[in-house]
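Observations on the model geometry
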Amino acid sequence: MPGHDHDLDHSHGSELSPIEARVRALESLLIEKGYVDPAALDALIERYEHQVGPHNGARVVARAWVDPAFRERLLADGTPAITELGIGGRGGEHMVVVENTPETHNLVVCTLCSCYPWPVLGLPPVWYKAPPYRARAVIDPRGVLADFGVTLPEGTRITIWDSTAETRFMVLPMRPEGTETLDEATLATLVTRDSMIGTGLPQAPR
Amino acid sequence: MNGAQDLGGAHGFGPVEAEAGEPVFRAEWERRVFALAMAMGFTKTWTLDASRAARESLPPVEYLSSSYYEIWLRGLETQLAEHGLASPEEMRSGLAAGVPKPVARVLAADQVAPLFDGGFPSDRAPAAPPRFQIGDRIVARNDHPAGHTRLPRYIRGRPGVIERIHGAFVFPETAARGEQGPPQWLYTAGFAAEDLWGASAEPGSRVTFAAFESYLGPRA
């Protein structure tokens with residue numbers, strides 16, 4: 001039996017799947033033609049896999065929770081306010097921040113593709129780009145929220161933002177109760193990615 | 001185009017399935033496709049809107065049965081062939097045949113941080129004052145262009161209200177064709193869910209979309 005397993009490992013371990021082979025061929029072709037620099041590809045991947053992510057958006061939200069003047073600037077014109085924290089760039093050139101209140105809950109979607117505020121949230125998760133969310137968010141928002149385990153109070157109305165242009169939307173969630181004594185950095189740890197898309201709520205303090 | 005990408009309001013796709021602790025990329029080839037598409041976009045051979053148009057032009061069955069980065073890969077291959085940067089045979093073999101067609105610019109590693117920190121704004125100087133003001137009653141145009149559009153089907157012909165004015169922006173429909181059309185005013189237009197979905201609407205909810213001026217007409 002061990003010998004049999006070894007044979008299986010051997011036959012599968014070194015082979016590329018069809019799509020891996022196809023992408024590898026394409027990359028080496030574009031490098032050979034001088035259209036792409038492999039070091040730039042690595043830098044792009046490093047940036048969007050490890051540097052840009054929802055920790056950025058969480059800093060924005062926490063600042064808005066502790067600094068009313070910043071919150072006002074953020075809601076009036078998102079991009080310059082977010083730039084104050086050293087955050088910005090590709091996919092967030094035209095930021096619109098929308099505030100949750102007891103009366104209104106905001107939910108962000110891109111029904112046509114995958115538009116998403118990269119500088120504050122990073123690259124979108126698979127579900128945001130996949131048909132179930134894109135199809136249902138606009139017609140059945142409460143059902144979508146239920147998929148995420150979120151139940152809103154009866155009286156809360158939902159506004160859905162369909163990201164059909166280069167304006168990109170981020171939700172400013174409500175500050176959880178019982179967080180009055182927490183500092184800005186601790187508050188940021190309560191801010192989840194989904195709470196800034198509108199499919200979640202911030203975590204409760206421990 | 002009335003393609004498979006225009007998903008708003010479609011039934012039958014099932015529940016949203018979020019994966020806890022999902023990685024940014026699921027495989028090495030996804031990393032490479034993402035970076036290749038971004039770097040090729042930087043060569044200025046085509047616009048971002050043209051890339052979206054290439055992806056949504058996939059046959060609907062293929063679009064709906066492909067993963068996200070498979071769609072990106074298919075779109076990129078289509079654009080490379082269309083613009084004469086790589087032939088299907090070259091892409092199959094991974095080997096260049098003949099002298100490469102030049103591109104306007106190539107992204108260098110040390111440019112990634114400064115350029116992507118700064119971003120690539122899409123707003124432009126307006127050619128005319130905005131046609132609508134906040135609070136104006138509008139109706140979304142009922143039109144079905146075969147090319148790239150950012151007016152989803154579920155909004156066409158529906159009554160709404162202007163809620164915000166964002167400035168003048170590159171118009172995706174002309175940019176997708178590689179044309180330098182005039183910029184258009186961009187608005188947030190809001191719609192009562194009942195006006196989009198009738199009796200199926202979530203009571204009291206609203207949907208907004210980012211509306212280019214030519215997508216809107218006045219309403220009495």
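Residues numbered from 1 in each chain as written. Chains lettered and ligands numbered in written order. Predicted model: local features only at pLDDT ≥ 70, side-chain atom pairs only at ≥ 80, totals over all residues.

Overview of the packing of helix α2 (residues 48-56) of chain B against helix α4 (residues 68-82) of chain B
All names here are of chain B.
- Contact pair α2 / α4: the axes reach a minimum separation of 8 Å and the direction vectors enclose 110 degrees. It follows from the interaxial angle that α2 and α4 lie roughly perpendicular. Considering how the two elements wind past one another, α2 and α4 form a crossing that is right-handed. Of α4, the residues touching α2 (which contributes Ala50, Ser51, Ala54 and Arg55) are Ile71, Trp72, Gly75, Thr78 and Gln79.
- Among the residues forming the contact of α2 with α4, the class breakdown is 4 nonpolar, 4 polar and 1 charged. (Axes fitted to C-alpha atoms, helices over the stretch in contact; angles between N-to-C directions. Helix = DSSP H or I, 4+ residues; strand = E, 2+ residues; numbered from the N terminus. Parallel < 35°, antiparallel > 145°, perpendicular 65-115°, else oblique. Left-handed = near helix turned anticlockwise from the far one by under 90°. Contact = placed C-beta atoms within 7 Å. Nonpolar A, V, L, I, M, F, W, Y, C, P; charged D, E, K, R; others polar.)

So, the packing of helix α3 (residues 38-51) of chain A against helix α6 (residues 109-118) of chain B
- For the pair α3(A) and α6(B), the least separation of the axes is 7 Å and the interaxial angle reads 40 degrees. Judged by the inter-axis angle, α3(A) sits oblique to α6(B). Here α3(A) runs over α6(B); the crossing is right-handed. On α6(B), the residues that touch Ala39(A), Ala40(A), Ala43(A), Leu44(A) and Arg47(A) of α3(A) are Ala109(B), Val112(B) and Phe116(B).
- Of the residues assigned to the contact of α3(A) with α6(B), the class counts are 7 nonpolar, no polar and 1 charged.

Focus: the interface of chain A and chain B
- Taken together, the contact between chain A and chain B spans 63 residues of the former and 72 residues of the latter.
- Elements with a minimum of two residues in the side of chain A that touches chain B: α2 (18-32), α3, α8 (126-129), α9 (131-136), α10 (141-147) and β3 (157-162) of chain A.
- Here the residues of the side of chain A that touches chain B sort into 34 nonpolar, 12 polar and 17 charged.
- Of the strand pairs in this sheet, β3(A) and strand β5 (residues 206-212) of chain B are connected by 4 bridges, and their pairing is parallel. (Pairing = 2+ DSSP bridges.)

Comments concerning the domain arrangement of chain B
Residue and element names in this part refer to chain B.
- In terms of domains, chain B is made up of domain 1 (28-118) and domain 2 (123-218).
- The straight-line distance from the C-alpha centre of domain 1 to that of domain 2 is 29 Å.
- Across the side of domain 1 that touches domain 2, the residue classes break down as 3 nonpolar, 1 polar and 2 charged. (Domains from an automatic or database assignment.)

As for the environment of Phe70(A)
- Assignment of secondary structure puts Phe70(A) in helix α5 (residues 68-76).
- Setting aside anything within four residues of it in sequence, one finds Phe70(A) in contact with Arg63(A), Ala64(A) and Ala81(A).

Quick word on the nonpolar core
- Judged by nonpolar contacts, the single largest core of 114 residues is most densely connected at Leu44(A), Val61(A), Leu36(B) and Ala39(B).
- A total of 9 residues in this core trace back to one element, the largest contributor, which is helix α1 (residues 28-42) of chain B. (Core = buried A, V, L, I, M, F, W, Y, C linked by C-beta atoms within 7 Å. Buried ≥ 20, exposed ≤ 12 C-beta atoms within 10 Å, placed from the backbone.)

What to know about the UniProt feature "domain: Nitrile hydratase beta subunit" (unreviewed entry) in chain B
- Taken from the UniProt record, the annotation "domain: Nitrile hydratase beta subunit" (unreviewed entry) applies to residues 121-217 of chain B.
- The span residues 121-217 of chain B is 10% helical and 36% strand by assignment, and the distance between its end C-alpha atoms comes to 27 Å. (UniProt positions renumbered as here; feature names shortened; annotations may be inferred.)

Quick look at the domain arrangement of chain A
- Structurally, chain A comprises domain 1 (2-36) and domain 2 (53-197).
- Here the C-alpha centre of domain 2 of chain A lies 39 Å away from the C-alpha centre of domain 1 of chain A.

Considering the pairing of strand β4 (residues 184-192) of chain B
Residue and element names in this part refer to chain B.
- Here β4 lies mainly inside the structure; 7 of its 9 residues are buried.
- Taken together, the 7 bridges between strand β3 (residues 159-169) and β4 define a ladder with antiparallel strand orientation. Bridging from a neighbouring strand, Ile165 pairs with Tyr187 of β4.
- Taken together, the 7 bridges between β4 and β5 define a ladder with antiparallel strand orientation. Looking at the pairing, Ala189 lines up with Phe209 of β5.

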